[in-house]
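Breakdown of the fold
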Amino acid sequence: MKRIFLTIGFLTTTFFTTLAQDDSTTPQFGVKGGVNFSNIVGDDIDDLDSRTSFNAGVFMEFPITERFSFQPEVLYSGQGFTIMSNDQDNFFDVDENIEYQLSYIQVPLLFKVYLVEGLNIEAGPQFGFKISEEIDSEPTNDGGDIEIDPDDSYIKDFDTNLAVGAGHKFNNGFFVNARYTYGLTNIFKDDTIFENVDAKNSVWQFGLGFSF
């Protein structure tokens with residue numbers, strides 16, 4: 001992970017040293033954030049309610065041609081799923097949702113195509129590094145958190161995904177974006193009781209940002 005942040009620092013430095021170049025070929029540094037609707041899906045997973053969280057981070061966009069660019073990002077991403085919903089009939093009669101919360105540092109490496117001025121589509125691999133894991137029985141309050149010890153976790157520390165999305169960049173630098181990421185690998189560790197369970201991360205992201 002240290003190498004990732006060093007790489008982003010290098011890319012940021014490159015941006016500021018190339019400001020004098022023509023706008024059409026100058027890399028652009030930006031910030032972004034938005035809402036996540038996350039879940040886990042797979043052949044062995046029954047229908048689960050999604051968890052609502054957020055994402056936030058930075059990116060660099062490197063124009064390759066007038067319509068084609070490469071965009072690496074580093075994002076915090078709150079993911080997971082709802083174990084039990086308060087609107088379900090259940091024995092525990094919970095007042096709030098009970099969520100299984102996963103936090104990742106996600107590194108998307110996206111290729112973007114501008115279809116018309118401002119309107120773009122994007123796709124590419126995304127690599128996730130799990131940074132925390134907990135069960136929360138009071139997701140709207142500060143209490144109710146039960147942190148999962150890494151030694152007791154059944155969920156892998158690394159995750160690989162495919163990301164696809166679309167967005168629109170305005171002339172003032174602001175943009176809106178929608179993206180879907182789907183896990184390419186199972187989230188459960190091998191050599192555990194869940195090793196043969198088909199379960200993958202699935203996240204819808206909607207947000208906005210600004211390019212400097």
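Being a predicted model, the structure only gives us computed values, none of them experimental.

Regarding the nonpolar core
The biggest cluster of nonpolar side chains holds twelve residues, and these are Ile40, Ile45, Phe81, Tyr100, Leu102, Tyr104, Ile148, Ile155, Ile187, Phe188, Val197 and Ala199. Among the elements that line this core, the one with the most residues is strand S4 (residues 98-114), at three residues. Beyond its immediate sequence surroundings of up to four residues, isoleucine 45 is in contact with Ile40, Val197, Asp198 and Ala199.

What about the pairing of strand S8 (residues 174-183)?
The two faces of S8 differ: Phe175, Asn177, Arg179, Thr181 and Gly183 on one face are buried, but Phe174, Val176, Ala178, Tyr180 and Tyr182 on the other face are not. Summarising the sheet, strand S7 (residues 158-169) and S8 pair through nine bridges and their orientation is antiparallel. When the sheet's bridge partners are listed, lysine 169 is paired in S8 with phenylalanine 175. Where S8 lies against strand S9 (residues 200-211), nine bridges are found, and the strand directions are antiparallel. From the neighbouring strand, arginine 179 faces S9, where its bridge partner is glutamine 205.

Description of the pairing of S7
Pairing geometry for strand S5 (residues 119-136) and S7, over eleven bridges, is antiparallel. Looking at the pairing, glutamine 126 lines up with asparagine 161 of S7.

Description of a negative patch on the surface
Residues Glu138, Asp142, Asp145, Glu147, Asp149, Asp151 and Asp152 make up a contiguous surface patch of negative charge. Relative to the elements of secondary structure, aspartate 149 occurs in the loop between strand S6 (145-147) and S7. The exposure class of aspartate 149 is partly exposed, given its relative accessible area of 39%.

As for the packing of aromatic side chains
Pairs of aromatic rings are described using the distance from one ring centre to the other and the angle between the two planes. Applying the stated criterion across every chain yields a total of 15 aromatic pairs. An angle of 75 degrees between the planes, with centres 5.6 Å apart, marks the rings of phenylalanine 59 and phenylalanine 175 as edge-to-face. Here the residue phenylalanine 59 occupies a position in strand S2 (residues 51-63), and phenylalanine 175 occupies one in strand S8, the gap between them amounting to 116 residues. The pair phenylalanine 59 / phenylalanine 175 is uniform in exposure class, with both members buried.

Thoughts on the environment of aspartate 49
Residue placement: aspartate 49 occurs in the loop between strand S1 (28-41) and S2. Between the C-alpha atom of aspartate 49 and that of serine 38, which follows or precedes it by eleven residues, the distance is 8.8 Å.

Description of the side chain of arginine 179
Mapping arginine 179 onto the fold places it in strand S8. Side chain to side chain, arginine 179 and glutamate 73 meet in a polar contact 3.0 Å long. Here the side chain of arginine 179 touches glutamate 122 through a polar contact of 2.8 Å, side chain to side chain. Apart from the residues lying within four places of it in its own chain, the contact partners of arginine 179 are Lys32, Glu73, Leu75, Pro108, Leu110, Glu122, Ala163, Val164, Gly165, Val203, Trp204 and Gln205.

Details of the pattern of salt bridges
Think of it this way: side chains of opposite charge can pair up when their charged atoms draw near. On inspection of all chains with the given rule, the structure shows nine salt bridges. A salt bridge links lysine 32 to glutamate 73, with the nearest nitrogen and oxygen atoms 3.5 Å apart. With lysine 32 in strand S1 and glutamate 73 in strand S3 (residues 68-84), the pair connects residues that are 41 residues apart, well separated along the chain. Here the two residues lysine 32 and glutamate 73 agree in accessibility, since each one is buried.

The rules behind the values
- Residues numbered from 1 in each chain as written.
- Predicted model: local features only at pLDDT ≥ 70, side-chain atom pairs only at ≥ 80, totals over all residues.
- Heavy atoms only, no water.
- Core = buried A, V, L, I, M, F, W, Y, C linked by side-chain atoms within 4.5 Å.
- Buried < 20%, exposed > 50% of the residue type's maximum accessible area, 1.4 Å probe, protein only.
- Helix = DSSP H or I, 4+ residues; strand = E, 2+ residues; numbered from the N terminus.
- Contact = heavy atoms within 4.5 Å.
- Pairing = 2+ DSSP bridges.
- Patch = residues over 30% accessible without salt bridge, like charges linked within 9 Å, V, L, I, M, F, W, Y side chains within 5 Å.
- Areas by Shrake-Rupley, 256 points an atom, 1.4 Å probe, with all protein chains shown as cover.
- Salt bridge = Lys/Arg side-chain N within 4 Å of Asp/Glu carboxyl O.
- Lys, Arg positive; Asp, Glu negative; His and termini not counted.
- Charge placed at Lys NZ, Arg CZ, Asp CG, Glu CD.
- Phe/Tyr/Trp six-rings, centres within 6.5 Å; stacked < 30°, edge-to-face > 60°.
- Polar contact = N/O pair within 3.5 Å; in protein donor to acceptor, adjacent residues only side chain to side chain.

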